[in-house]
Structures are given as structure tokens and as C-alpha cells.
Amino acid sequence: MVLLDGRKVADSILENLKNEVKDLKKKNINPYIAVILVGKNPASLSYIKQKRKACEKTGIKWEQIDYDENVTTEGLIKKIHELNENPKIHGILVQLPLPKHIYTPEVIKAIEPKKDVDGFTAYNIGKMFLSTEFEHLPPCTPAGVIELLDYYKIDLKGKEVTVVGASNIVGKPLSIMFLNRNATVTTCHIHTKDLRSHTINADIVAVGVGKQNLITADMVKDGVIIIDIGCNKKEDGKLCGDCDFESISKKASYITPVPGGIGPMTVAYLMKNTVNAAKRINNLIP
Ligand code: GUN
């Protein structure tokens, strides 16, 4: 069994980006991300802390705009329009989830696609849907998964892949990215009747639903490749994924740990998107 070491791969991506940011600064381009946080959701605070640390490591400028829970949809959209117009800002990220009274799709829609470093706008999702060559600002978690598999030279062509989870930010785009790399893809979700029947023959199982021990060893075949995108807190406060790592790691050929798997890859890809947004806005790349 080989551990897919997202921490190590992410660190090497950040190291390369650090050098790239240094070179961009010589050209007077200072990659700059603005992050909007509403409220004090503990998970969001923890994610934001990791993103800020990655900015410090790479030299990307960070600005955090905090709102209390009472902010309106209009208030957020007004701020996003300001950031869209600000030529110094290359990336805009609205940390999700937003409070219930805010209409999230309208907020995301307000982000200028060139600055949409989360890859959440319809424009960037649509480009990613069409073909790998148009993945200019892909969503960070799915892109991080593909980058990790690429690093370990895991070929996706013809592979049977089962994605468990169908969210707009993970499961759906990840399914499309696998499909565009010529895998045969099954997407399972909350209404799937018999999950095991879809995971048991899969060469790759990628799961991100936020349910501890959803995937157990009896649900996968020998030699399976496991991508665990889940992030759950155990009773003892430690993090774990959606797969029963202990038993599945005895059957798997490759497996991502949690923590230290897809989490750091997601953050590294956000940095990569921010640097690419800065380059594209300055016409350095197509
Ligand atoms: N909330 C959970 N994951 C994410 C993410 O990747 N980006 C943003 N903006 N919010 C999130």
C-alpha cells in the first residue's frame, strides 16, 4: 500500500509557487487574494487559517474581510463589485457556507470569473466541463485530487471510478474531471440505493460527503485506489475522513490519509489558481 502524501506534494507546489511569485514581483505583479468571511463558523475559521498560512509561505498578499452574521446578500454583492473593480486584487474567495438568509448563488454570481480562484462561477465550471484544456480556474478540491493522482503517475484512462458525493464544489466537478480524462465514472449520492454495488468493482473510489466510516473494507475490492475527501471530527477531537482507514488500507494499493491528503492539496491549488489569475489578468498566459 502506498500512502498518497498530499502534504508532501502540496509543500512542493507551494515551494514552486514561492519562486514564481518572486519572479512576478520583479515584474511589479503582486499576486493578491481577498477573502470574505461571514460569521465565525469554526470549520471556516480553520480553513481560512490554512489558506492564510499558505499565502505567507508563497508570498501571496492576503486581505481578509470579516462580516458578522447579519450582513445582507446585497451588502456582500456590493463588496464583491468593489473587489472586482480593484486592479490590485487578483483573487476573490467567499468562504462557504454562508448564513441561511443569504442567497449563495447570487453571491457567487457576482464574482468576476477572472478573479474566481475557487472556480465556483458558472463560467469557470462551464469551461472545466468542456475539456481539460479549458480548466483555467478549476475548483480547488477536484483539481487537487487530479494533481495528486498525476504526481503518483496513476493513469485514469479506462479506469472504473466511483465518486461518492455530488456537491457543486466537489463531487460533480470531480466526476467531470475524471470523465474528461477518459475514466468511466459513476456518481453516487444521498439517494443512491445500494452504494456498495457501485464501490465494490471500482478501481478508484473518491469520497467526500462528511460521514465517518461511510466506506468500509467490505465495500471495496483488493488493490483499490482510495481518495478520501471527507473531513470529520472524531469523539477524541482528531480528524478523520469518510473511509475506515484502518481496515481499507490493508486492501488498497494507494490511499490518501486524513489529515495530510486532499486537504493540503486543496489549499495548494487555491494558491496556484491565484498565481494563474494574476498572470492571466496581466496577459502573461492565455
Ligand atoms: N467551504 C468548504 N470548502 C470550501 C472551499 O473550497 N472554498 C470556499 N470558498 N468555501 C469552502
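The model shown is predicted, which means the values in this text are computed figures rather than measured ones.

Peer 1: What is the right way to look at the pairing of strand E2 (residues 32-38) in this model?
Peer 2: Sheet faces and side chains relate simply in a regular strand, where the side chains alternate between the two faces. The element E2 is largely enclosed, with a buried count of 7 among its 7 residues. Handedness of the crossover joining E2 and strand E3 (residues 61-67) through helix H2 (residues 42-58): right-handed. Where E2 meets strand E4 (residues 91-94), 4 bridges bridge the pair, whose relative direction is parallel. Paired with Val35 across the bridge in E4 is Leu93.

Peer 1: Please clarify how the nonpolar core should be interpreted in this entry.
Peer 2: Among soluble globular proteins, nonpolar side chains are generally buried collectively. Within the largest apolar cluster, 53 residues are counted, with the highest numbers of intra-cluster contacts made by Ile33, Val145, Leu149, Leu174, Phe178, Ile227 and Met271. Per-element accounting of this core gives the leading share, 10 residues, to helix H10 (residues 262-281). Ignoring sequence-local partners within four residues, the contact set of Leu174 consists of Pro142, Val145, Ile146, Val163, Ala206 and Ile229.

Peer 1: I would appreciate a short explanation of unusual backbone geometry in the present structure.
Peer 2: Peptide bonds are mostly trans, and most non-glycine residues show a negative phi. The peptide bond linking Leu96 to Pro97 adopts the cis configuration, its omega dihedral lying at 5°. Looking at the element boundaries, Pro97 is found in the loop between E4 and helix H4 (104-109). For the peptide bond that leads from Val258 to Pro259, omega is 0°, which places it in the cis range. Within the element layout of this structure, Pro259 appears in the loop between strand E11 (254-255) and H10.

Peer 1: For this particular structure, what's the right way to read the packing of aromatic side chains?
Peer 2: Centre distance and the angle of the planes are the two values used to describe a pair of aromatic rings. Under the defined criterion, the tally for this structure stands at 1 aromatic pair. Centre to centre, the rings of Tyr151 and Tyr152 are 5.2 Å apart; their planes meet at 70°, and the pair counts as edge-to-face. Take Tyr152: its relative accessible area is 16%, and that puts it in the buried class.

Peer 1: Sorry if this is basic, but what is going on with the pattern of salt bridges here?
Peer 2: Side chains bearing opposite charge may pair, as long as their charged atoms lie close to each other. If you walk through the whole model with that rule in mind, you get 9 salt bridges. Measuring nitrogen to oxygen at the nearest pair gives 2.8 Å for the salt bridge that ties Arg181 to Glu135. Note that Arg181 is positioned in the loop between helix H7 (171-179) and strand E6 (184-188) and Glu135 in the loop between helix H5 (122-130) and helix H6 (140-151), a separation of 46 residues in sequence. Judged by relative accessible area, Glu135 falls into the buried class, the value being 15%. One salt bridge in this structure joins Lys221 and Asp203, with 2.7 Å as the shortest N-O distance. On the criterion of sequence distance, the pair formed by Lys221 in the loop between strand E7 (204-207) and strand E8 (225-228) and Asp203 in the loop between helix H8 (195-199) and E7 is long-range, its members being 18 residues apart.

Peer 1: Would you mind going over the site of the ligand with me for this structure?
Peer 2: Close contacts around the ligand come from Lys51, Leu93, Val94, Gln95, Leu96, Asp118, Phe120 and Ile169, and that covers them all. Between a nitrogen atom of the ligand and a main-chain N or O atom of Val94, the distance comes to 2.8 Å. Interatomic distance of 2.9 Å between a backbone N/O atom of Leu96 and a nitrogen atom of the ligand. Alone, the ligand offers 280 Å² of accessible surface; in the complex the protein occludes 82% of this. Grouping the amino acids of the shell around the ligand by side-chain chemistry returns 5 nonpolar, 1 polar and 2 charged.

Criteria and cut-off values
Residues numbered from 1 in each chain as written. Predicted model: local features only at pLDDT ≥ 70, side-chain atom pairs only at ≥ 80, totals over all residues. Heavy atoms only, no water. Buried < 20%, exposed > 50% of the residue type's maximum accessible area, 1.4 Å probe, protein only. Helix = DSSP H or I, 4+ residues; strand = E, 2+ residues; numbered from the N terminus. Right-handed = clockwise from strand over helix to strand, strands pointing away. Pairing = 2+ DSSP bridges. Core = buried A, V, L, I, M, F, W, Y, C linked by side-chain atoms within 4.5 Å. Contact = heavy atoms within 4.5 Å. Phe/Tyr/Trp six-rings, centres within 6.5 Å; stacked < 30°, edge-to-face > 60°. Salt bridge = Lys/Arg side-chain N within 4 Å of Asp/Glu carboxyl O. Near = heavy atom within 4 Å. Polar contact = N/O pair within 3.5 Å; in protein donor to acceptor, adjacent residues only side chain to side chain. Areas by Shrake-Rupley, 256 points an atom, 1.4 Å probe, with all protein chains shown as cover. Nonpolar A, V, L, I, M, F, W, Y, C, P; charged D, E, K, R; others polar.

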